[in-house]
Amino acid sequence: SRVAFEAEPRRGLLHPGRVPLGLKRKGLRVVVTGGAGFVGSHLVDRLLARGDSVIVVDNLFTGRKENVLHHAGNPNFEMIRHDVVEPILLEVDQIYHLACPASPVHYKHNPVKTIKTNVVGTLNMLGLAKRVGARFLLTSTSEVYGDPLQHPQVETYWGNVNPIGVRSCYDEGKRTAETLTMDYHRGANLEVRIARIFNTYGPRMCIDDGRVVSNFVAQVEGLMKLMEGDHVGPFNLGNPGEFTMLELAKVVQDTIDPNARIEFRPNTADDPHKRKPDISRAKDLLGWEPKISLKKGLPLMVQDFRNRIFGDQKDANT
Ligand code: NAD
Ligand code: UDP
């Protein structure tokens, strides 16, 4: 089916998911919460390139205006500085809900705020989706598996999460966000999608992010395929290529500086010992799998970090 862009609000009229990726059609109105962040800003690029109208809703806690500045002046792009913990009224067809600090350094900074963002923020965006009949996609996380007792992790695994630890604001917050999403799906008939993203890296990542790198930002395509497809999920989106931290440190050494020194430090509390996504479901039902190896992807991120640290703006928005 074809979907026309209308100036007037519509309610429950569309089934945006019936439009296959890549099919030429008039744009949808899409909200991306957290769209000024690392993953969100790449998603915004892709949606605008596809012809959609995009509203970014972001409080700029970890996001940066620079990540979306190249769209300033594009009539299809709008950015609202807004905290999702507060209600908001918008008229849209799809909501990609990403707003949430994703790196442990950031989400531990103010744990109560993190859980409010995950619970109240997700509730508000689901309420918005319900009011306008929009399709809602939640970016959940591999952290819902906690310190997994099953390896690799399949989506049917319920996880092993400490409810009272220093990571719980994020892990349990996302688990509750998934629960809310499914309750709106069952109770209010909302069209929902759930992605469980495994660690992603790439250009525009916060320089102080501090997370281990495993999957290049091409994951964004997985999110779009999930939104447009017919399956609720949850879907693991990640790279099943497994390596130890020492192997990773050596790749980083090879890529950046052979003289860089590797330091061993005590681990942080509740850090999962081992994680590896089983992505059979995403492969079968979404036709998605990661394509960029660490060796190929890492230099792209390194170049972006160098540009930002040393002020060379060339390629800053790749
Ligand atoms: P990020 O920190 O770069 O982006 C998060 C964005 O959300 C930022 O722009 C931030 O300013 C915004 N935000 C935070 N709290 C907000 C609030 N209360 N109101 C409005 N905006 C708010 O992180 P990211 O890596 O781009 O992650 C995006 C999403 O993907 C998150 O939901 C995260 O949990 C999920 N995810 C990411 C990864 C990964 O490896 N990057 C892994 C698993 C899940
Ligand atoms: N909400 C919102 N924008 C909307 C509709 C709802 O931010 O367009 C918020 C609303 O303020 C509430 C939450 O979403 O806090 C849940 O809304 P819902 O209507 O599902 O539940 P209720 O308001 O009945 O608790």
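Small disclaimer: the values here were computed from a predicted structure and weren't measured.

Moving on: the overall build of the chain. Scanning the chain from N- to C-terminus turns up eight helices and nine strands. Put simply, the chain has 318 residues, and 41% of those count as buried. If you take every contact in the chain between residues at least 6 apart in sequence, the share linking residues at least 24 apart comes to 74%.

Below, the discussion takes up the site of ligand 1. Neighbouring ligand 1 are 30 residues, the closest being Gly34, Gly37, Val39, Thr62 and Gly63. Where the shell around ligand 1 is concerned, the elements lending two or more residues are helix H1 (38-49), helix H3 (111-132) and strand E5 (135-141). At three residues, the largest contribution of residues to the shell around ligand 1 is made by H1. Of the residues belonging to the shell around ligand 1, the class tally is 14 nonpolar, 14 polar and two charged.

The next subject is the site of ligand 2. With respect to spatial proximity, the complete set of residues near ligand 2 consists of Pro87, Ile88, Leu89, Leu123, Asn124, Gly127, Leu128, Lys130 and Arg131. By residue class, the composition of the shell around ligand 2 is five nonpolar, two polar and two charged.

Here the focus is the sheet that holds strand E1 (residues 29-33). On the basis of which strands lie adjacent, the open sheet formed by seven strands has the order E3-E2-E1-E4-E5-E6-E9 and parallel pairing. Only two strands of the sheet have a single partner each, and these edge strands are strand E3 (77-81) and strand E9 (235-237). Averaged over all adjacent pairs, the angle separating strand axes in this sheet is 20°, with direction ignored. The sheet contact formed by E1 and strand E4 (residues 94-97) spans four bridges and is parallel.

Turning our attention to the environment of Thr176. With respect to the helices and strands, the residue Thr176 is situated in helix H4 (residues 168-188). For Thr176 and Arg135, which are 41 residues apart along the polypeptide, the C-alpha to C-alpha distance reads 19 Å. Those residues in contact with Thr176 that sit more than four places away from it in its chain are Asn118 and Val119.

Packing of H3 against H4 brings their axes to within 9 Å, and their N-to-C directions diverge by 15°. Relative to H4, H3 is oriented roughly parallel. Every pair of crossing elements has a handedness; the one defined by H3 and H4 is right-handed. Together, Pro111, Thr114, Ile115, Asn118, Val119, Thr122, Leu123, Leu126 and Lys130 of H3 and Cys169, Tyr170, Gly173, Lys174, Thr176, Ala177, Leu180, Thr181, Tyr184 and Ala188 of H4 make up the contact between the two elements.

Here the chain shows a mean pLDDT of 87. Residues at 70 or above account for 85%. Scored as a whole, the predicted complex attains pTM 0.88, and scored at its interfaces, ipTM 0.95.

Compared with an ideal rise of 1.5 Å per residue, which puts 22 residues at 32 Å, H3 spans 31 Å between its outermost C-alpha atoms and is within 8% of the ideal. Taking the largest bend as the criterion, H3 deviates by roughly 30°, centred on Thr117. Listed as buried for H3 are Thr114, Ile115, Thr117, Asn118, Gly121, Thr122, Met125, Leu126, Leu128 and Ala129. Next to the buried residues of H3 lie E1, E4, helix H2 (104-107), E5 and H4. Of the residues trailing H3, Gly133 is marked for its positive phi of about 70°.

How each quantity is defined
- Residues numbered from 1 in each chain as written.
- Chains lettered and ligands numbered in written order.
- Predicted model: local features only at pLDDT ≥ 70, side-chain atom pairs only at ≥ 80, totals over all residues.
- Helix = DSSP H or I, 4+ residues; strand = E, 2+ residues; numbered from the N terminus.
- Buried ≥ 20, exposed ≤ 12 C-beta atoms within 10 Å, placed from the backbone.
- Contact = placed C-beta atoms within 7 Å.
- Near = placed C-beta within 6 Å.
- Nonpolar A, V, L, I, M, F, W, Y, C, P; charged D, E, K, R; others polar.
- Pairing = 2+ DSSP bridges.
- Axes fitted to C-alpha atoms, helices over the stretch in contact; angles between N-to-C directions.
- Parallel < 35°, antiparallel > 145°, perpendicular 65-115°, else oblique.
- Left-handed = near helix turned anticlockwise from the far one by under 90°.
- pLDDT = per-residue confidence, 0-100.
- Expected span 1.5 Å × (residues − 1).
- Bend = angle between axes of the 7 residues up to and from the residue.

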